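What the coordinates show
Residue-level listing of the chains:
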Amino acid sequence: MGDRKVGVAVDFSKCSVEALKWAVDNVARKGDHLILINIKQQGHSDEGETQLWQTSGSPLIPMAELSDPVIMKKYGVKPDIETLDIINNASKQKEITVIMKIFWGDPREKICEAIDKIPLNCLIIGNRGLGKLQRQLKEKQHEVLLKYRTRIEFIDGLGLNC
């Protein structure tokens, strides 16, 4: 039985979808929380809510709201159909809880913030050619493991040429 918090960095690219599939197939187990982490480079609005979210991240967004385009527009995120299918099936078949948290800012800093604030037991990150970010996180992987006691896994594009 799970009850772990498994994070998956998603940007709805082919590689992040593959990382999500890999996390569901190889890491998530009954009772776990699968937390989709989305990082936006900048805020999408000057409204008061989003200004607050830029410092703390969005509230945790339940799976039921992820497929509602009106709610997702509020966050400036548009999940793709394949991602929604994966999380719906995983939720039913593996009996896991799926939620999303969105951060705004520098991805390297916000990934570490997500690990710390949620807190995550592990984090799965796809590789879509973000060489600089991946190198920086790999260099800090040992530090992250020691500081946050969280493992980071980089999943390659599985032949997708991402």
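Starting from 1, residues in each chain are numbered consecutively following that chain's sequence as written. Selection of residues for local features in this predicted model requires a pLDDT of at least 70, selection of side-chain atom pairs for listing and counting requires 80 or more, and totals for whole chains, interfaces and linings are taken over all residues. Processing note: side-chain calculations cover all non-hydrogen atoms of the structure and skip hydrogens and water entirely.

Now for the overall build of the chain. Scanning the chain for helices and strands turns up seven helices and six strands. Reading the chain from its N terminus to its C terminus gives the helix and strand order β-α-β-α-β-α-α-α-β-α-β-α-β. For the chain, the residues scored as buried account for 46% of the 162 residues in total. Contacts between residues were defined by any pair of non-hydrogen atoms, one from each residue, lying within 4.5 Å. Here the analysis covers contacts within the chain between residues at least 6 apart in sequence; of these, 82% occur between residues at least 24 apart. Surface accessibility follows the Shrake-Rupley procedure with a 1.4 Å probe radius. Residue values consider only the protein chains on display as shielding. With an accessible surface of roughly 8,800 Å², the chain has 48% of that area assigned to carbon and sulfur atoms. Secondary structure elements are defined from DSSP: runs of H or I of at least 4 residues count as helices, runs of E of at least 2 residues count as strands, and each element is numbered from the N terminus. Whether a residue is buried, partly exposed or exposed follows from its accessible area with a 1.4 Å probe, protein chains only, as a fraction of its type maximum: under 20%, in between, or over 50%, in that order.

Any Lys or Arg side-chain nitrogen found within 4 Å of a carboxyl oxygen on Asp or Glu counts as a salt bridge. One pass over the structure, following the stated rule, counts six salt bridges. Two residues, arginine 4 and aspartate 32, come together in a salt bridge whose shortest N-O distance is 2.6 Å. Of this pair, arginine 4 sits in the segment before strand 1 (5–9) while aspartate 32 is found in the loop between helix 1 (14–26) and strand 2 (33–40), placing the two residues 28 residues apart along the sequence. Classification of arginine 4 as buried rests on a relative accessible area of 18%. Taking the relative accessible area as the measure of exposure, aspartate 32 reaches 1% and is therefore buried. Three or more residues are tied together by salt bridges with common partners; here these are Glu18, Lys21 and Glu82.

Another point: the nonpolar core. The nonpolar side chains of a soluble globular protein tend to be buried, and buried together. Throughout this description, the term nonpolar core refers to a set of buried Ala, Val, Leu, Ile, Met, Phe, Trp, Tyr and Cys residues connected via side-chain atoms within 4.5 Å. Formed by 30 residues in total, the largest nonpolar core has its most connected members in Val8, Leu20, Leu34, Leu36, Leu66 and Met100. Broken down by element, this core gets its largest block of residues, five residues, from helix 1. Sequence-distant contacts of valine 8, defined by excluding residues within four places in its chain, comprise Ala19, Leu20, Ala23, Leu34, Ile35, Leu36, Ile37, Leu123 and Ile124. Among the nonpolar cores identified, the runner-up in size contains 12 residues, and Ala9, Ile111, Ala114 and Leu123 belong to it.

With that out of the way, let us pick up the pairing of strand 5 (residues 122–126). Most of strand 5 is tucked away: five of the five residues are buried. Residues Cys122, Ile124 and Gly126 point to one face of strand 5 and Leu123 and Ile125 to the other, with burial holding for every one of them. Each pair of strands is called paired provided DSSP finds at least two bridges between the two strands. Sheet topology note: the strand 1/strand 5 ladder contains four bridges and is parallel. Across the sheet, alanine 9 pairs through a bridge with isoleucine 125, a residue of strand 5.

You can see glutamate 113 is positioned in helix 6 (residues 107–117). In this structure glutamate 113 comes out as buried when scored by relative accessible area, which is 18%. Non-local contacts of glutamate 113, meaning those with residues more than four positions away in its chain, are made with Thr55, Ser56 and Phe103.

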